[in-house]
Amino acid sequence: MARRPDRAGGLNTMGRTLLIVRLVLADVRRHTAQAAMLLLAVTAATATLALGLSLSGATQTLYEQTRAATAGPDIVALAPELGTPVTPELTSLAHTPEVIAHNGPYRIVYATLTAHGTASLVVVHGAAETPGAVNRPLVTSGHWIRPGGAVLERGFATALGAGVGDRVTISGRSYSVVGIAVTAATSIFPWAAQIGPYGGPSDGGGLVWLTPSDARALASQDLPVTMAMDLKLRDPDATEAFIDAHHISTTRVNYSSWQFKAGQDAVILRDTQTILVVGGWLLGFLAITGVATLAAGRAAEQTRRAGLLKAVGATPGLIAAVLLTEYLVLALLGDALGLGLARLAEPAIASPTASRIGGVVGPTGTVIAATTALAVAVAVLAALRPTLRALRTATVTALTVTTYRPRHRPWLTALSALLPTPLLLGLRLTARRPGRAVLHGCSTAATLIVITALLTYDVQPYRGSAQHRDGWEAGLSSMPNLRVDHDSRLLLAVTVLAIALATVNTITLTWTTAIEARANMAIARTLGATPGQISAGLSIAQLLPALPGAIAGILMGIVVYGPFSRGETIAPPFSWMLAAALATLLATAALTALPARLAARRPVAQTLSAETA
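1. Some remarks on the overall build of the chain
Then, number 1: Helix and strand counts for the chain come out as 21 helices and 10 strands.
Then, number 2: Classification of the 613 residues of the chain by burial places 49% in the buried group.
Then, number 3: A separation of at least 24 residues holds for 84% of the contacts in the chain among residues at least 6 apart in sequence.
Then, number 4: A total of about 27,400 Å² of accessible surface is found on the chain, and carbon and sulfur atoms cover 64% of it.

Below you can see the structure in the form of structure tokens.
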């Protein structure tokens, strides 16, 4: 049976779809390197953006799962012992109508812990050897406390590098680590203290469980002590009402609700999310500049391809579908790969302290929509102009090799005659492709934004995880700042990705420019220019827009750092920023040298013969 034609050009819907697929696959096979670049660029951008957007609810999910597994309390009431017994006031809370179960009162001792040569502030909970109905820490390794044995909170143990069987020293007393556990009764490491030893803001520190007798013996060394009680309410969401109704004016009782702990867990990712979201958009911009360069370099080929399709009766809609589908399909495939990578990496990034258990649900529908929009934007913004140009070009013009004749400006010719040959060639290449120069300058600026933000982040004065306060034991913690280290690693990863994309963009831009200008460069060689001058001219064509891009990137990088600042931002030394700009320009020159040299060494006769054939 013959295929029934339609009004669009002789093919029904199925036939048109098969034709588009075959043409797209054939084009991808002919341009494998370009397809791989588009795929990798979109994957890096969407994976970074998806991670940033997915973190907002990840900590809440992990806390709720840990709370369910450990019978976490709805409220923890804490009262420091300042010479006046506070146990009766805490005990009275357990008999209020709103409370259906409780744990304690129990003793919390503020001390210092040393293991493997590392010191840390620590809070010691005197826990029951048989946990009750509320606050039952989940042992993930080893077993629960016993006399002379300590159980470490898992996030603290991970940061400390301690495990079951190790020995730790707590304020001069040695204990064997008998287990590792997690709990929802405190915030994640390093905020286990909840309040300071005198009821005020707390320092960072880890959590250790000891038996009540061991905790009492430790407290006999005149260490600060707080009494605590865990409460389970009839209505878990009524924590604020309970706290307001049971404020005790005569005793300094502090209340810590489960909502506060869930919110505090998210503090460690406060900068992480910003780094990934901003980094994802910057990587997306770099992907657009790179893919736009590829699309512009293939504009002539795409125009001829459109002319061939017109010659055989293809409609403008079919031609547009063929030219755009390749970019869209690759971009959507990169989006799918990016979302998959984000799903794999999210558990480690969302829970850097190992203080919580459970899993995350992965990118939500909103996140998928955002990354898909980014991927489509990369494809459309990069390919739309060449596609429109191909559609607007007449069939005969598209199938005919034409030579662009530049406008003659006598004053510009006289001025350019005074310049050295490499600079003259570089200026001519830049002036003939201003859009390409703007893209390269913006790519350089985006890269310097990320590098400057990394340098600025590195010089800020928040390196220690805890600061000594009067009243706690003497000696600063030597534990690293977990949040700062976590964010530094992510910012470094985003910087590496940005540099990698900028590197590929620079090489692609140089090679594309060299291919497009090979006829002009061949003519310049017939007029006496050497291959070295041609190569230098191609490199200069990339350095000219890179210079203002580097300056703009440094200035904008300090501005972009604003969301991470905690007050006044300290700018990195001028020498660092100057070195970053110079290194970027030197890298640009080095990256353009090889493709420029290869293009300049092509025989003049071969080039001119190919152009006039």
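Next comes the rest of the description.
2. Some points on the nonpolar core
Then, number 1: In this structure, Leu-113, Ile-170, Val-208 and Leu-218 are the most contacted members of the largest nonpolar core, which totals 93 residues.
Then, number 2: The element best represented in this core is helix α9 (residues 270-297), accounting for 10 residues.
Then, number 3: Ignoring any residue separated from it by four or fewer positions in sequence, one finds Ile-170 in contact with Ala-111, Thr-112, Leu-113, Val-122, Val-124, Tyr-175, Val-208 and Leu-218.
Then, number 4: Ranked by size, the runner-up nonpolar core spans 18 residues in total, among them Leu-78, Val-123, Ala-127 and Val-151.

3. Some remarks on unusual backbone geometry
Then, number 1: The amide bond that connects Gly-104 to the next residue, Pro-105, takes the cis arrangement and shows omega of 5°.
Then, number 2: Assignment of secondary structure puts Pro-105 in strand β2 (residues 99-115).
Then, number 3: A cis geometry characterises the amide bond from Phe-189 onward to Pro-190, with omega recorded as 15°.
Then, number 4: Take Pro-190: it is sitting in the loop between β7 (173-182) and β8 (206-210).
Then, number 5: Despite not being glycine, His-116 shows a phi value in the positive range, around 55°.

4. Comments concerning the side chain of Thr-70
Then, number 1: Relative to the helices and strands, Thr-70 resides in the loop between α3 (58-69) and β1 (75-80).
Then, number 2: Other than its neighbours up to four places away in sequence, Thr-70 contacts Asn-135, Arg-136, Pro-137, Leu-138, Val-182, Thr-183 and Ala-184.

5. A word on helix α16 (residues 434-458)
Then, number 1: For α16, spanning 25 residues, the distance from its first C-alpha to its last is 36 Å, which sits close to the expected 36 Å at 1.5 Å a residue.
Then, number 2: Most of α16 sits inside the fold, with 18 of its 25 residues counted as buried.

6. Here we look at the pattern of salt bridges
Then, number 1: In total, this model carries 3 salt bridges according to the counting rule given.
Then, number 2: Where Lys-232 meets Asp-74, a salt bridge forms, and the shortest distance between an N and an O atom there is 3.8 Å. Taken together, the positions of Lys-232 in strand β9 (residues 225-233) and Asp-74 in the loop between α3 and β1 put the pair 158 residues apart, joining distant regions of the chain.
Then, number 3: Accessibility expressed as a relative area gives 0% for Asp-74, which makes it buried.
Then, number 4: When the shortest N-O distance is used, the salt bridge between Arg-356 and Asp-265 registers 2.8 Å.

7. A word on the packing of aromatic side chains
Then, number 1: One pass over the structure, following the stated rule, counts 3 aromatic pairs.
Then, number 2: Ring plane angle 85° and centroid distance 6.5 Å describe the contact between Phe-242 and Tyr-255, whose orientation is recorded as edge-to-face. With Phe-242 in helix α7 (residues 239-245) and Tyr-255 in strand β10 (residues 254-257), the pair connects residues that are 13 residues apart, well separated along the chain. No difference in accessibility class separates Phe-242 from Tyr-255, as the two residues are buried.

8. Brief notes about the environment of Ala-127
Then, number 1: For Ala-127, the location among the structural elements is in the loop between β3 (118-126) and β4 (138-142).
Then, number 2: When the C-alpha positions of Ala-127 and Thr-211 are compared, they lie 5.5 Å apart, and in sequence the two are 84 residues distant.
Then, number 3: Filtering out sequence-adjacent residues up to four positions away, Ala-127 remains in contact with Trp-144, Ile-145, Trp-209, Leu-210, Thr-211 and Pro-212.

9. Thoughts on the packing of α16 against helix α19 (residues 531-560)
Then, number 1: The contact between α16 and α19 brings their axes to 6 Å, and the two run at 35°. Our pair here, α16 against α19, has a crossing hand that is right-handed. Together, Ala-437, His-440, Gly-441, Thr-444, Ala-445, Leu-448, Ile-449, Thr-452, Ala-453 and Thr-456 of α16 and Gln-542, Pro-545, Ala-546, Gly-549, Ala-550, Gly-553, Ile-554, Met-556, Gly-557, Ile-558 and Val-560 of α19 make up the contact between the two elements.
Then, number 2: Split by residue class, the contact of α16 with α19 holds 12 nonpolar, 9 polar and no charged.

10. Section: α3
Then, number 1: Over its 12 residues, α3 extends 17 Å from the first C-alpha to the last, a length consistent with the 16 Å expected when each residue adds 1.5 Å.
Then, number 2: For α3, every residue scored as buried is listed here: Ala-58, Thr-59, Leu-62, Tyr-63, Thr-66 and Arg-67. End-on, the buried residues of α3 take up no more than an arc of 165°, which puts them together on one face.

11. Remarks on the environment of Val-182
Then, number 1: With respect to the secondary-structure elements, Val-182 resides in strand β7.
Then, number 2: A C-alpha to C-alpha distance of 8.7 Å links Val-182 and Ala-354, two positions 172 residues apart in sequence.

12. Focus on the pairing of strand β5 (residues 149-153)
Residues in a regular strand point their side chains to alternate faces of the sheet.
Then, number 1: Judged by how many residues are buried, β5 sits mostly within the fold: 5 of 5 residues are covered.
Then, number 2: Along β5, one buried face is formed by Gly-149, Val-151 and Glu-153 and the opposite face, lined by Ala-150 and Leu-152, is buried too.
Then, number 3: Bridge count between β5 and β7: 5 bridges; the pairing is parallel. Its bridge partner lying in β7, Val-151 is registered against Gly-179.
Then, number 4: Pairing geometry for β5 and β8, over 2 bridges, is antiparallel. In the sheet register, Val-151 faces β8, and the bridge partner there is Trp-209.

13. Thoughts on the packing of helix α15 (residues 421-432) against α19
Then, number 1: Direction vectors running N to C along α15 and α19 enclose 50°, while the axes themselves pass 7 Å from each other. Comparing their axes, α19 and α15 come out oblique. Crossing of α15 against α19: the hand is right-handed. Between α15, through Thr-421, Pro-422, Leu-423, Leu-425, Gly-426, Leu-427, Leu-429 and Thr-430, and α19, the contact on the second element is made entirely by Gln-533, Ile-534, Ala-536, Gly-537, Leu-538, Ile-540, Ala-541 and Leu-544.
Then, number 2: Its residues assigned to classes, the contact of α15 with α19 shows 11 nonpolar, 5 polar and no charged.

14. Focus: the environment of His-246
Then, number 1: Turning to its location among the elements, His-246 is positioned in the loop between α7 and β10.
Then, number 2: For His-246, a relative accessible area of 16% gives the class buried.
Then, number 3: Sequence separation of His-246 and Thr-96 is 150 residues, and the distance between their C-alpha atoms is 9.3 Å.
Then, number 4: Residue contacts for His-246: discarding those within four places in its chain leaves Leu-93, Thr-96, Glu-98 and Tyr-255.

Calculation criteria
- Residues numbered from 1 in each chain as written.
- Predicted model: local features only at pLDDT ≥ 70, side-chain atom pairs only at ≥ 80, totals over all residues.
- Heavy atoms only, no water.
- Helix = DSSP H or I, 4+ residues; strand = E, 2+ residues; numbered from the N terminus.
- Buried < 20%, exposed > 50% of the residue type's maximum accessible area, 1.4 Å probe, protein only.
- Contact = heavy atoms within 4.5 Å.
- Areas by Shrake-Rupley, 256 points an atom, 1.4 Å probe, with all protein chains shown as cover.
- Core = buried A, V, L, I, M, F, W, Y, C linked by side-chain atoms within 4.5 Å.
- Expected span 1.5 Å × (residues − 1).
- Salt bridge = Lys/Arg side-chain N within 4 Å of Asp/Glu carboxyl O.
- Phe/Tyr/Trp six-rings, centres within 6.5 Å; stacked < 30°, edge-to-face > 60°.
- Axes fitted to C-alpha atoms, helices over the stretch in contact; angles between N-to-C directions.
- Left-handed = near helix turned anticlockwise from the far one by under 90°.
- Nonpolar A, V, L, I, M, F, W, Y, C, P; charged D, E, K, R; others polar.
- Arc of directions from axis to C-beta.
- Pairing = 2+ DSSP bridges.
- Parallel < 35°, antiparallel > 145°, perpendicular 65-115°, else oblique.

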